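Residue-level listing of the chains:
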Amino acid sequence: MNEMSRVTAISTYAVADGIAILTIDSPPVNALGHAVRVALEAGLRRAVADADAHGIVIHCAGRTFFAGADISEFGKPLQQPDLNAVFDLIEASTKPVVAAIHGTALGGGMELALACHYRVATSSAKLGLPEVSLGLLPGAGGTQRVPRLVGIEKALTLIVGGRPIGATKALADGLIDRIVEGDLLPGAILYAQQLIARGEPLRRVRDLAVDLDATATREALERFRATHKRDLQGFKAPGLILQAIEAAATLTFDEGLAREWALFEELVDSQESIAQRHLFFAERTAGKIPIERGVQPLTVERVAVIGAGTMGTGIAMVFLNAGYPVFLVDKAGDAAERGAARIHKTFGDLADKGRISPEEGMRRVGLLRIGSSLEDAVSGADLVVEAIFESMALKQAIFKEIDAVAKAGAILASNTSFLDLDEIAAVTARPDQVIGLHFFAPANIMRLLEVVRGARTSDAVIATGMSLGRRLGKVAVLSGVCDGFIANRVMKPRMEAAEALVLEGPTPSEIDRAMNRYGFAMGPFQMFDLVGLDVIGWDRDNSAGRTVQEVLCEMGRWGQKKNGGYYDYDEQRRAAPSPVAEQVIREFAARANVPQQAFDDAQIVERLLYPVVNEGAKVVEEGIALRASDVDIALATGYGWPVWTGGPMCWADRIGLPRIVDSLDAMIGPDSVSPLLRRLAAEGGRLTS
Ligand code: 3H9
C-alpha cells in the first residue's frame, strides 16, 4: 500500500495494488452528515483522477459501515453535496467502485452501497432500510434501486417492514455480491482486482429493469396493502413508501428519484416523522444518567428469580434469552415446575414458528434451573430478582430471607410496580444494593424496563441496572420512587378520567373508540375487561355498590373471563356494547345527578389524555423522571402509546401548552395543574427540547 494520506479531517486515502481505498472515520456510527458527504466527494474525485488507481473501495473505520443519513440534520437546511450528488459521482466513475460493508449498512448507508457498482460484506454485517421506523422513506434512491435489484415483492418487505437482514440473506437475494471471510479490507481489494482482471462491466443498479410491469406492480401493492392494513394504520410513511415503489415500476429512474425525493421531503416535515425521530433520540438519551463519573456496572453472571408466577417466568425468559443462567425458585408446591413448563412451551413455540432454531431453544432451556429452596437459588447469584405478589409485608419478609443467604455484593432487585422500594430496602442490611427492576407484562415481549433507584441505591448498582437493561434488549428508563413509578403513575389519570367521563354521557365503547382512533390498541374499558374488574382494586368483602366497578363486580361481570364486564362477549371473546353495563352506568349517573351530554372524539381525547400530560409534567418536576423524553419513551414502549404522536410530552408540545393548561384549569381545577406545565405555558416553553 502506498502511504495513507488525509482527504479531510475524517477521511483517508491510500492506493494498494492498483485499488484506491477511501476510508471514512466518523464515530460513533459513520452517519452520512455533511462532513462525511464532503469527504466522500473529495475522496472520490481524487480516486477517479489518480492514474495509479484502477478500482475504488469505500470503507469505514470503527464499528460500522455508514448507519444512515445523520438524523439530527433533518429539518435543517440541506448542505451540499447531498447524498444523490455523491452517488452520481460513484455511478459516473469509470473505475469500479466496491462498497466494503461491516457492522450495519442502514438507510442512506445501504443506499450508498447500492449506488456502488459492487458490494462485499462480512458475514456478520446487516443491511437494511429502517427509515420507516423514523416515519420516513429511503430518500436517496433506496426505493428505486432496491426493486431493480431484488424485485418489487422483496423490496416491499424490506422497505415497508424496515427490518435489517443478515449478509447471508442479502447475498441470496442479490443485494450484495460476496461475503468476505477473514479481514474485510484485503477481501474487498482482492474482489475489486478480480473484477478488473475479468473485465467485468461497471454494474449500475439504475440501469437494471424492475421485475414487474406497471399493472403487476399495482396488483402487488394492493395485495400488500390488504395484508398489512392493521400494521400500517396511523402511520404516514408506509403509504408514501408504496407510492415511491410504484414510481420505480412506472417512471424512468431519474423521474422515480425525483418522485422519491418529493415524498421524502413531505415526510421529513410531517408531525409523524418529527415525533418518531423524537422517540429515536429519547430512547438513546434515556441511557444518559447522572451518576458519578467513572462508576462502572458490576458484573452479573448468575441470576435468581423469586416467584414462578406469570411475571417471574416472563422475567426468567428475558434473562435466558440474553444468555444468563437462571435459577427460578418458588416455595409453593409445584409452582416452579409449572413455570418451567411454560418456559419450555414458549421456546418450543418460538422454534416451531422458526423464530429461533431448535438448538437455540434447547440452549436457553439448558440455562434454567428450578427449585423450591430460596437458599439454593440465591446463594450463587449475582443478581436476585423478586417477582412475588404485590404486598409490602410479603416483599419485606422475602427480602429479609434473601438478604440473609445472598452473597456479599449481590444485587437485590424487586419487580414491584407500585410499592415503596425504600421500605423494602430498609429491611435489608444492604439498602445500597437494592434496586427496582420493573418489567412490564408480558415481560419477555414488552420493551420497557423501569430501573428504580431507591434513596440509598449506589451509583454502581444503578449503572448495573441500566446496562443490564440494554443487554436484555430492553429500553431502560431510570425512575425515582413514587406510587406507580413513571409509566403506571402517568397513565393512571387516563383510567380515572374514563371512569368519571362514562357517567357524563359517553358509553364505554364510545370512549374506547376515541382512544383506538387516537392510536391505542386498547381503550381503558377494553383494558379493564381484559385484566379483570375483580383484580383491579375491588375489595370483595367491603363492596357496597359505591362505584360502577363495584356494581359490575357484584353482578359477576368481571370482564372477558366471565363473558361480561363493560362489554358483552361471545364464545370467541368478541366484544359488543353491553346494554346491561350501560344501564348500570346510567342508573348510577342518575342517582348521582350527573348532567348528561354528548362528547365527540376530540373532547374525549382531551378529557382522558390532558390529565396524562399533567401527570407526566409532575413526574418530571418532582425528579421522578430525569426528563420529559423519558416519559415519552416509557409510555411508547410500556403502554403502546402511539409512536407517531411521539408520546404525551411531545404531543403536548405540538398541541401547545397554553391550550392544555387552560383546558386542565377547567377540567381538574387550577390547584391540580402541574406548576412546571403552567410555567412553561406562560413562558412559551416546551416540555421536550
Ligand atoms: C436515512 O438514512 C435517510 C436516507 O434514506 C435519506 C436521506 C436523504 N444519525 O443506537 P446507538 C447516534 S435515515 C445520527 O446507541 P448501537 C445515536 O444517537 C437513517 N445519529 O448504538 C447515539 O448517539 P449518542 C437511517 C445517529 O450500537 C450513537 O449514534 N438509519 C444515527 O446500539 C450510538 O447509537 C437508521 O435509522 C444516525 N443515523 O446501534 C439507523 N445512528 O451516543 C439508526 C446512530 O450521542 N441507528 N446515531 O446517544 C441505529 O439503528 C443504531 O444506532 C445502530 C447502532 C444499529 C446503527
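Shown above is the structure to which this text applies.
Reference entry: report on the structure contained in this document. (Residues numbered from 1 in each chain as written. Predicted model: local features only at pLDDT ≥ 70, side-chain atom pairs only at ≥ 80, totals over all residues. Heavy atoms only, no water.)

What to know about the nonpolar core
Okay, so step 1: In this structure, Leu40, Phe66, Ile101 and Leu112 are the most contacted members of the largest nonpolar core, which totals 75 residues.
Okay, so step 2: Among residues more than four places away in sequence, those in contact with Leu40 are Leu22, Ile24, Leu32, Ile58, Phe66, Val86 and Leu112.
Okay, so step 3: Leu609, Val619, Ala628 and Ala681 belong to the second-largest nonpolar core, a separate cluster that totals 72 residues. (Core = buried A, V, L, I, M, F, W, Y, C linked by side-chain atoms within 4.5 Å. Buried < 20%, exposed > 50% of the residue type's maximum accessible area, 1.4 Å probe, protein only. Contact = heavy atoms within 4.5 Å.)

Section: the site of the ligand
Okay, so step 1: In the neighbourhood of the ligand, 27 residues make up the surrounding shell, with Gly108, Glu111, Glu131, Arg284 and Lys288 lying closest.
Okay, so step 2: Within the backbone of Ile71, a nitrogen or oxygen atom sits 2.9 Å from a nitrogen atom of the ligand.
Okay, so step 3: Within the side chain of Arg470, an N or O atom sits 2.9 Å from an oxygen atom of the ligand.
Okay, so step 4: When the ligand sits alone it has 1000 Å² of accessible area, and the protein chains cover 76% of it.
Okay, so step 5: Listing elements by their share of the shell around the ligand, those giving two or more residues are β6 (104–106), α3 (108–115), α11 (253–268) and α12 (271–285).
Okay, so step 6: Counting residues per element, the shell around the ligand draws most heavily on α12, which supplies 3 residues.
Okay, so step 7: Residues that form the shell around the ligand fall into these classes: 15 nonpolar, 5 polar and 7 charged. (Near = heavy atom within 4 Å. Polar contact = N/O pair within 3.5 Å; in protein donor to acceptor, adjacent residues only side chain to side chain. Areas by Shrake-Rupley, 256 points an atom, 1.4 Å probe, with all protein chains shown as cover. Helix = DSSP H or I, 4+ residues; strand = E, 2+ residues; numbered from the N terminus. Nonpolar A, V, L, I, M, F, W, Y, C, P; charged D, E, K, R; others polar.)

As for a positive patch on the surface
Okay, so step 1: On the surface, a cluster of positive charge is contributed by Arg63, Arg284, Lys288 and Arg470.
Okay, so step 2: On the secondary structure map, Arg63 appears in the loop between β4 (55–60) and α2 (83–92).
Okay, so step 3: Overall, Arg63 belongs to the exposed group, its relative accessible area being 59%. (Patch = residues over 30% accessible without salt bridge, like charges linked within 9 Å, V, L, I, M, F, W, Y side chains within 5 Å. Salt bridge = Lys/Arg side-chain N within 4 Å of Asp/Glu carboxyl O. Lys, Arg positive; Asp, Glu negative; His and termini not counted. Charge placed at Lys NZ, Arg CZ, Asp CG, Glu CD.)

Focus on the pairing of strand β17 (residues 448–453)
Okay, so step 1: Across the 6 residues of β17, 5 count as buried, placing the element largely inside the fold.
Okay, so step 2: Of the strand pairs in this sheet, strand β16 (residues 434–439) and β17 are connected by 5 bridges, and their pairing is antiparallel. The residue of β17 that forms the bridge with Gly436 is Val452.
Okay, so step 3: Crossover connection from β17 via helix α19 (residues 459–471) to parallel strand β18 (residues 475–479): handedness right-handed. (Pairing = 2+ DSSP bridges. Right-handed = clockwise from strand over helix to strand, strands pointing away.)

Remember that the coordinates give geometry; whether it matters functionally is a separate question.
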